[in-house]
Amino acid sequence: KIREYLSILIASSAYAVAIALSYTGLQSEIVKTLKITIIAAFIIFGIKEIIRILFSFMTKIHAEFVFWLPGAVIACISGWLGNTMNAVSFIIEFKDKHFSHEKMTKIKYLVTIMAFLAGAVFFVINLVHPAKLYQMIMATATTSSMAEMIPVKPLAGKDFSEWKKWLWILTTIVMTVLYVLMNFVI
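In short, a report on the structure. Since this is a predicted model, take the numbers as computed values, not measurements.

When you go through the protein residue by residue, the secondary structure sums to 7 helices and 2 strands. Helices and strands appear in the protein in the N-to-C order α-α-β-α-β-α-α-α-α. Against the 2.2 N^0.38 benchmark of 16 Å for 186 residues, the protein shows a C-alpha radius of gyration of 16 Å, consistent with a compact globule. Projected onto its principal axes, the C-alpha positions of the protein cover 50 × 35 × 25 Å.

Core analysis: the largest hydrophobic core is formed by 31 residues, its most contacted members being Phe45, Phe65, Val88 and Met104. Contributing elements (two or more residues each) for this core: helix H1 (2-24), helix H2 (30-59), strand E1 (62-67), helix H3 (69-81), helix H4 (101-128) and helix H5 (132-148). At 9 residues, H1 tops the list of elements feeding residues into this core. With sequence-adjacent residues up to four places away left out, methionine 104 is seen in contact with Arg52, Ser56, Ile61, Ala63, Ile91, Glu93 and Phe99. Core analysis: the next-biggest nonpolar cluster, separate from the first, contains 13 residues, Met138, Met149, Leu167 and Trp168 among them.

Quick look at the environment of glycine 119 now. In this structure, glycine 119 sits in helix H4. C-alpha separation for the pair glycine 119 and methionine 138, spaced 19 residues apart in sequence, amounts to 4.1 Å. Setting aside its immediate chain neighbours within four residues, glycine 119 contacts Met138, Ala141, Thr142 and Met182.

Moving on: unusual backbone geometry. Here the bond from lysine 153 into proline 154 is cis, since omega is 10 degrees, no more than 30 degrees from zero. Residue position: proline 154 is located in the loop between H5 and helix H6 (156-163).

With that settled, the discussion passes to empty space enclosed by the protein. With the rule as written, the count across this model stands at 1 cavity of 30 Å³ or more. Considered as a void within the structure, the largest cavity measures approximately 250 Å³ in volume. Taken together, 20 residues make up the lining of the largest cavity; nearest its centre are Lys48, Glu49, Ser89, Ile91 and Glu148. Among the elements of the structure, H2, strand E2 (89-94), H4 and H5 are those that each provide at least two residues to the lining of the largest cavity.

Attention now moves to the side chain of threonine 143. Position of threonine 143 relative to the elements: it lies in helix H5. Threonine 143 has contacts with Tyr15, Ile19, Asn83, Thr84, Met85 and Tyr179, leaving out every residue within four places of it along the chain.

The rules behind each value
Sequence order as written defines residue numbering, which begins from 1 separately in each chain. The predicted nature of this model means local features are confined to residues of pLDDT at least 70 and side-chain atom pairs, given and counted, to a pLDDT of 80 or more, with totals for whole chains, interfaces and linings taken over all residues. Side-chain figures throughout are based on the complete set of non-hydrogen atoms in the structure, without hydrogens or water. Strands here mean DSSP runs of E at least two residues long; helices mean DSSP runs of H or I at least four residues long; both are numbered from the N terminus. All radius of gyration figures rest on C-alpha atoms, and the globule criterion is 2.2 Å times the number of residues raised to 0.38. Buried Ala, Val, Leu, Ile, Met, Phe, Trp, Tyr and Cys residues form a nonpolar core when they are joined through side-chain atoms within 4.5 Å. Burial here depends on accessible area, computed with a 1.4 Å probe over protein chains only, as a share of the maximum for the residue type. Under 20% is buried, over 50% is exposed, and the range in between is partly exposed. Here, two residues are considered to be in contact whenever any of their heavy atoms come within 4.5 Å of each other. Only protein atoms enter the 1 Å grid, on which a cavity is a set of points fitting a 1.4 Å probe that cannot get out and a pocket is an open set with protein on both sides within 12 Å along at least 5 of 7 lines, lining residues being those with an atom within 4 Å of a point. Grid points are joined across faces, edges and corners, and a volume is the space filled by probe spheres set on the points.

Now the structure itself:
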């Protein structure tokens, strides 16, 4: 749907602004960083949503990507303060005859994990061949995945914690340790 594609473009652009702000603040370098970060955000958001759409299609679950303006504002403010830690979108499920909360939660979980793992791969690639684009892809993938783990509606973490609390706790601990190492230590 056109509105979904527009939502993905707007959300990824807003997240790119938040990531760029977290790296440069409001300095003159923000325009250069934003150009790279927009590419990174389009890549991560695009891949995440293609995977989600494919999984939704395979399970016949109707779900839609929705841009979340309050989340985008919080993400940009937190980015300006030094670390982007909020989601700029959420997935709305249409509860028809094919809907299964468990299947939809599994899809969200797999997409979140795959995005975080992609961030970890780009972290390693950036260590071997440093490039601003690799760094921005890593930052976008890991921060957006970490934000999804927050157990507050409309974020997916709420569904994860209700679905399998032990898995949500374990995943959150592992992701948090790796997130801190990749974004702040190494």
